[in-house]
Amino acid sequence: MSEDVRLVAWVRGRVQGVGFRWFTRARALEIGGLSGFALNLGDGRVQVVAEGTQEACQKLLDWLQGADTPGSVDGVTEIWDTPRGGYDGFAIR
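Conventions adopted
Residues numbered from 1 in each chain as written. Predicted model: local features only at pLDDT ≥ 70, side-chain atom pairs only at ≥ 80, totals over all residues. Heavy atoms only, no water. UniProt positions renumbered as here; feature names shortened; annotations may be inferred. Helix = DSSP H or I, 4+ residues; strand = E, 2+ residues; numbered from the N terminus. Phe/Tyr/Trp six-rings, centres within 6.5 Å; stacked < 30°, edge-to-face > 60°. Buried < 20%, exposed > 50% of the residue type's maximum accessible area, 1.4 Å probe, protein only.

- The protein is annotated in an unreviewed UniProt entry as acylphosphatase of Streptomyces kebangsaanensis.
- The Sequence similarities (unreviewed entry) comment attached to the protein in UniProt states, word for word, "Belongs to the acylphosphatase family."

**With respect to the UniProt feature "domain: Acylphosphatase-like" (unreviewed entry) in the protein**
(1) Moving on: Residues given the UniProt feature "domain: Acylphosphatase-like" (unreviewed entry) here are residues 6–93.
(2) Moving on: In the segment residues 6–93, helix accounts for 27% and strand for 41%; the C-alpha atoms at its two ends are 18 Å apart.

**Examining the packing of aromatic side chains**
(1) Moving on: Here the structure, examined in full by the defined rule, presents 3 aromatic pairs.
(2) Moving on: When the ring of Trp 22 is compared with that of Phe 23, the centres are 5.0 Å apart and the planes differ by 85°; the resulting orientation is edge-to-face.
(3) Moving on: Relative to Tyr 87, the ring of Phe 37 has its centre 5.8 Å away and its plane inclined at 55°; by these criteria the two rings are tilted. Here Phe 37 is found in strand S2 (residues 35–40), whereas its partner Tyr 87 is found in the loop between strand S4 (72–81) and strand S5 (90–92), with 50 residues between them in sequence.
(4) Moving on: A relative accessible area of 6% means that Phe 37 is categorised as buried.
(5) Moving on: Residue classification places Tyr 87 among the partly exposed residues on the basis of a relative accessible area of 22%.

Quick look at the structure:
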């Protein structure tokens, strides 16, 4: 049985105004079993918080770091933690 985790990722690059949050939500729903959100930050980054299995969160992180994202990702910083809960599905904020 896989223990649930919390992934918090900050995505740098040209990631605002290109549908990044929408595609992140779509990818999270496609992976399945994830809850959390994607949020534009004032400094131009997008913050992604995802909770679910380690495998599902890693798939989302791999996608965030890959070439299939909209815009242009210059880098992703992530931290792993224990889940906090309280999310209803995966939202765009």
